[in-house]
Number of protein chains: 2
Amino acid sequence: MSSSVQFSFIIGWIAMLAGGLAFWQMSRGLSPKQKHHGVAAMTIVFVAFANYFAMALGQGDIAYNGRDVFFARYTDWVITTPILLVSLAMMATDALSRLRTLVCALIAADVYMIITGLVGNLSTAPYNYYWWVISMVAFFVVLGLIWKPLAAEAVNGPNPGAFKTLATMLTVLWICYPIVWLIGSSGFNVISTAVESWLYLVLDVTAKVGFGFVALGAARKQA
Amino acid sequence: MSSSVQFSFIIGWIAMLAGGLAFWQMSRGLSPKQKHHGVAAMTIVFVAFANYFAMALGQGDIAYNGRDVFFARYTDWVITTPILLVSLAMMATDALSRLRTLVCALIAADVYMIITGLVGNLSTAPYNYYWWVISMVAFFVVLGLIWKPLAAEAVNGPNPGAFKTLATMLTVLWICYPIVWLIGSSGFNVISTAVESWLYLVLDVTAKVGFGFVALGAARKQA
Ligand SMILES: CC1=C(/C=C/C(C)=C/C=C/C(C)=C/C=O)C(C)(C)CCC1
Ligand SMILES: CC1=C(/C=C/C(C)=C/C=C/C(C)=C/C=O)C(C)(C)CCC1
């Protein structure tokens with residue numbers, strides 16, 4: 001692991017920790033009915049903190065098939081991306097239990113996406129590309145569920161504007177992940193591991209800390 | 001891996017993919033309250049698709065204790081069999097949340113059955129037989145829960161006829177798995193790996209795609 005890669009992980013855990021402390025502070029101002037937004041945002045960044053911390057210590061990767069695979073990214077994502085989706089769903093409605101089926105479908109497709117992505121990262125060419133395609137299909141299912149049934153619910157939800165902002169943020173940021181994956185060490189390997197890890201860092205911080213700030217900011221204004 | 005074994009895996013992923021596409025089409029005709037049947041059926045076959053795909057690529061088995069262990073069967077079953085049980089429970093009642101305890105008990109016994117089965121497959125004789133017996137006990141618990149408390153709920157459920165058909169199908173098909181396991185490479189090894197993998201294929205396709213067709217067919221007629 002080069003020192004630039006390791007440095008990105010150190011920035012990662014510091015950013016996630018700082019985000020978590022900020023969210024803790026922000027959560028105190030939430031009404032009881034909105035506390036779930038705080039719990040989600042904190043869980044997300046503290047899980048990411050632990051995974052970045054492990055990677056910074058050199059405990060989050062293994063040499064496999066002649067490549068350095070940062071499996072800790074996937075243990076992070078497989079936990080945090082479902083919570084991000086639940087967070088978005090909580091902005092779409094005040095009665096999450098009514099959307100049980102939809103939330104289960106979102107989580108199923110999302111976890112499928114992350115796990116097939118991990119399998120791809122552990123595979124050699126050309127198999128890694130097959131798994132990338134399978135993961136992408138699951139990703140499009142996630143986006144379809146967000147923009148069709150979930151968006152339809154959000155129209156009558158407590159805060160259609162905040163839903164739209166968060167859904168757009170999520171879509172734009174999440175689309176970058178499969179691109180980085182494809183040009184990085186898991187795919188064509190046309191960027192260095194250092195560039196790859198800085199790109200993931202910027203995405204992770206924006207998709208978790210940035211997203212949480214917007215979500216908590218909107219939740220604070222709700223009863 | 002012999003070519004006949006590999007061919008069975010290719011048929012497997014094609015069948016699961018085809019089943020998934022058919023379920024997707026069938027799900028569009030479901031009423032909102034019945035969509036959960038579609039989500040369950042699709043999740044089951046798409047998870048099986050990924051596992052068969054991995055096995056077809058030679059990524060789903062490891063040499064262990066001098067045997068070829070297809071661990072991907074277990075990563076498939078440990079996810080899909082709980083969903084099959086939930087699917088059955090959704091046919092027994094319209095208010096799944098009321099059966100929370102029973103569903104948790106079913107899933108606990110079922111996951112126990114699959115994991116002890118995997119441990120058995122990773123064990124040499126005679127330990128593998130000990131694990132088979134332990135797994136069988138869990139299996140009988142699953143069957144007992146289905147035919148006693150769950151069947152009792154189904155009598156007052158939305159569709160007692162469909163429940164009975166599905167429960168019977170499930171019982172007959174699932175009983176074959178421990179038999180194949182016992183005569184196959186995990187047990188007495190009296191059938192070839194090729195015969196073993198074709199038997200599992202027929203069982204998997206019937207227990208997942210066949211079961212899903214019956215479940216979705218019944219759900220379509222419900223409000
Ligand atoms: C589609 C696709 C992928 C998608 C990953 C995504 C969408 C990750 C999102 C992570 C977030 C948002 C983390 C923290 O906030 C992978 C797994 C790279 C593998 C290749 C195909
Ligand atoms: C009791 C028992 C087993 C039961 C397996 C079953 C019941 C599997 C069902 C799988 C299905 C239904 C898959 C897909 O649809 C094992 C694990 C073979 C190990 C030996 C003892």
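Definitions and limits used
Residues numbered from 1 in each chain as written. Chains lettered and ligands numbered in written order. Predicted model: local features only at pLDDT ≥ 70, side-chain atom pairs only at ≥ 80, totals over all residues. Heavy atoms only, no water. Helix = DSSP H or I, 4+ residues; strand = E, 2+ residues; numbered from the N terminus. Buried < 20%, exposed > 50% of the residue type's maximum accessible area, 1.4 Å probe, protein only. Least-squares fit on C-alpha atoms with pLDDT ≥ 70 in both. Contact = heavy atoms within 4.5 Å. Patch = residues over 30% accessible without salt bridge, like charges linked within 9 Å, V, L, I, M, F, W, Y side chains within 5 Å. Areas by Shrake-Rupley, 256 points an atom, 1.4 Å probe, with all protein chains shown as cover. Salt bridge = Lys/Arg side-chain N within 4 Å of Asp/Glu carboxyl O. Phe/Tyr/Trp six-rings, centres within 6.5 Å; stacked < 30°, edge-to-face > 60°. Near = heavy atom within 4 Å. Polar contact = N/O pair within 3.5 Å; in protein donor to acceptor, adjacent residues only side chain to side chain. Nonpolar A, V, L, I, M, F, W, Y, C, P; charged D, E, K, R; others polar. Buried area = accessible area lost by both parts, 1.4 Å probe. Axes fitted to C-alpha atoms, helices over the stretch in contact; angles between N-to-C directions. Parallel < 35°, antiparallel > 145°, perpendicular 65-115°, else oblique. Left-handed = near helix turned anticlockwise from the far one by under 90°. Core = buried A, V, L, I, M, F, W, Y, C linked by side-chain atoms within 4.5 Å. UniProt positions renumbered as here; feature names shortened; annotations may be inferred. Expected span 1.5 Å × (residues − 1).

## Examining the overall build of chain A
So, step 1. Secondary structure assignment for chain A yields seven helices and two strands.
So, step 2. For chain A, the sequential pattern of α-helices and β-strands runs α-α-β-β-α-α-α-α-α.
So, step 3. Projected onto the principal axes, the alpha-carbon positions of chain A cover approximately 55 × 35 × 20 Å.
So, step 4. Every one of the 223 residues in chain A was classed for burial, and the buried ones make up 52%.

## Concerning the relation of the copies chain B and chain A
So, step 1. Screw-axis analysis of chain B against chain A gives a translation of 1.0 Å along the axis, an RMSD of 0.0 Å, and a rotation angle of 117°. Here the transformation between the copies is reduced to the relation of a three-fold axis. Within chain B, the C-alpha atom positioned nearest to the axis of rotation is that of S97 of chain B, 6.1 Å from it.

## As for the environment of Y112 of chain B
All names here are of chain B.
So, step 1. Among the secondary structure elements, Y112 is positioned in helix α4 (residues 100–121).
So, step 2. On the accessibility criterion, Y112 (49% relative accessible area) is partly exposed.
So, step 3. Setting aside chain neighbours within four positions, we find Y112 in contact with I134 and A138.

## With respect to a nonpolar patch on the surface
So, step 1. A cluster of nonpolar side chains, V133, V137 and V141 of chain A, forms an exposed patch at the surface whose accessible area comes to about 230 Å².
So, step 2. Assignment of secondary structure puts V141 of chain A in helix α5 (residues 127–155).

## Focus on the packing of aromatic side chains
Any two aromatic rings considered together are summarised by their centre-to-centre distance and by the angle between their planes.
All names here are of chain A.
So, step 1. Inspection of the entire model under this criterion finds 30 aromatic pairs over all chains.
So, step 2. Taken together, a centroid distance of 5.9 Å and an interplanar angle of 55° make the contact between F7 and W198 tilted. Placement of the pair is F7 in helix α1 (residues 3–28) and W198 in helix α7 (residues 193–220), with a sequence separation of 191 residues.
So, step 3. Arranged with centres 6.1 Å apart and planes meeting at 55°, the rings of F9 and Y52 form a pair that is tilted. Of the two residues, F9 is situated in helix α1 and Y52 in helix α2 (residues 35–56); the sequence distance between them amounts to 43 residues. As far as burial versus exposure is concerned, F9 and Y52 are alike and both buried.

## Focus on the site of ligand 2
All names here are of chain B.
So, step 1. What surrounds ligand 2 is a group of 16 residues, the closest being W132, S135, W174, Y177 and K208.
So, step 2. Take K208: an N or O atom from its side chain is 3.3 Å from an oxygen atom of ligand 2.
So, step 3. Contact with the protein chains hides 100% of the accessible area of ligand 2, taken as 530 Å² for the molecule alone.
So, step 4. Elements with a minimum of two residues in the shell around ligand 2: α3 (71–92), α4, α5 (127–155), α6 (160–183) and α7 (193–220).
So, step 5. Tallied by class, residues from the shell around ligand 2 come to eleven nonpolar, three polar and two charged.

## Examining the interface of chain B and chain A
So, step 1. Contacts between the two partners involve twelve residues from chain B, matched on the other side by ten residues from chain A.
So, step 2. The contact between chain B and chain A buries some 920 Å² in all, and 75% of this surface belongs to carbon and sulfur atoms.
So, step 3. Taken together, the links from chain B to chain A amount to zero salt bridges.
So, step 4. Between the two partners, chain B and chain A, sit three residue pairs in polar contact (both at pLDDT 80 or more).
So, step 5. Considered class by class, the residues forming the side of chain B that touches chain A number eight nonpolar, three polar and one charged.

## Quick word on the site of ligand 1
All names here are of chain A.
So, step 1. Among the 16 residues in the neighbourhood of ligand 1, the closest are listed as W132, S135, W174, W181 and K208.
So, step 2. A distance of 3.3 Å is found between an oxygen atom of ligand 1 and a side-chain nitrogen or oxygen belonging to K208.
So, step 3. Among the secondary structure elements, those contributing two or more residues to the shell around ligand 1 are α3 (71–92), α4 (100–121), α5, α6 (160–183) and α7.
So, step 4. For the shell around ligand 1, the per-class residue count stands at eleven nonpolar, three polar and two charged.

## Description of the packing of α3 of chain A against α5 of chain A
To describe two helices that pack against each other, one gives the angle between their axes and the distance between the axes.
Residue and element names in this part refer to chain A.
So, step 1. Contact geometry for α3 and α5: axes closest at 9 Å, N-to-C directions at 20°. Here α3 is positioned roughly parallel relative to α5, judged by the angle of their axes. Crossing geometry of α3 relative to α5 is assigned as right-handed. Residues L85, L88, A89 and A92 of α3 form the contact with α5, whose participating residues are V142, I146, L150, E153 and A154.

## Some details on the pattern of salt bridges
So, step 1. If you walk through the whole model with that rule in mind, you get six salt bridges over all chains.
So, step 2. Linking D204 of chain B and K208 of chain B is a salt bridge whose minimum nitrogen-to-oxygen distance equals 3.7 Å. Residue D204 of chain B and its partner K208 of chain B are both found in helix α7; the two are separated by four residues, about one turn of the helix.
So, step 3. On the accessibility criterion, K208 of chain B (4% relative accessible area) is buried.
So, step 4. Each of D76, D204 and K208 of chain A takes part in one network of salt bridges that share partners.

## Concerning the nonpolar core
So, step 1. If you look at the biggest cluster of nonpolar residues, it comprises 76 residues, and the most contacted ones within it are L88, I146, L150, F163 and W174 of chain A together with F23 of chain B.
So, step 2. Residues in contact with W174 of chain A, not counting those within four places in the same chain, are T81, L84, L85, D110, M113, F139 and A207 of chain A.

## A short note on the UniProt feature "transmembrane region" (unreviewed entry) in chain A
Residue and element names in this part refer to chain A.
So, step 1. When the UniProt feature table is mapped to this numbering, "transmembrane region" (unreviewed entry) covers residues 6–26, 38–57, 77–96, 103–123, 129–150, 162–183 and 198–219.
So, step 2. When the span residues 6–26 is considered, its composition is 100% helix and 0% strand, and the gap between its end C-alpha atoms is 30 Å.
So, step 3. End-to-end, the C-alpha atoms of residues 162–183 are 33 Å apart, and along that stretch the chain is 100% helix and 0% strand.

## Quick look at α1 of chain A
So, step 1. In this model, α1 of chain A (26 residues) spans 38 Å end to end at C-alpha, consistent with the 38 Å of a helix rising 1.5 Å per residue.
So, step 2. The secondary structure elements touched by the buried residues of α1 of chain A are α2, α3 and α7 of chain A.

## Digging into the packing of α2 of chain A against α3 of chain A
All names here are of chain A.
So, step 1. Where α2 contacts α3, the axes come no closer than 9 Å and their chain directions differ by 170°. One element, α2, and the other, α3, form an angle in the roughly antiparallel class. Once α2 is placed against α3, the crossing between them reads as left-handed. Where α2 abuts α3, its residues H36, H37, A40, T43, I44, V47, A48, N51, Y52 and M55 lie against A72, R73, T75, D76, I79, T80, I83, L84, S87, M90 and M91.
So, step 2. A per-class count over the contact of α2 with α3 returns twelve nonpolar, seven polar and two charged.

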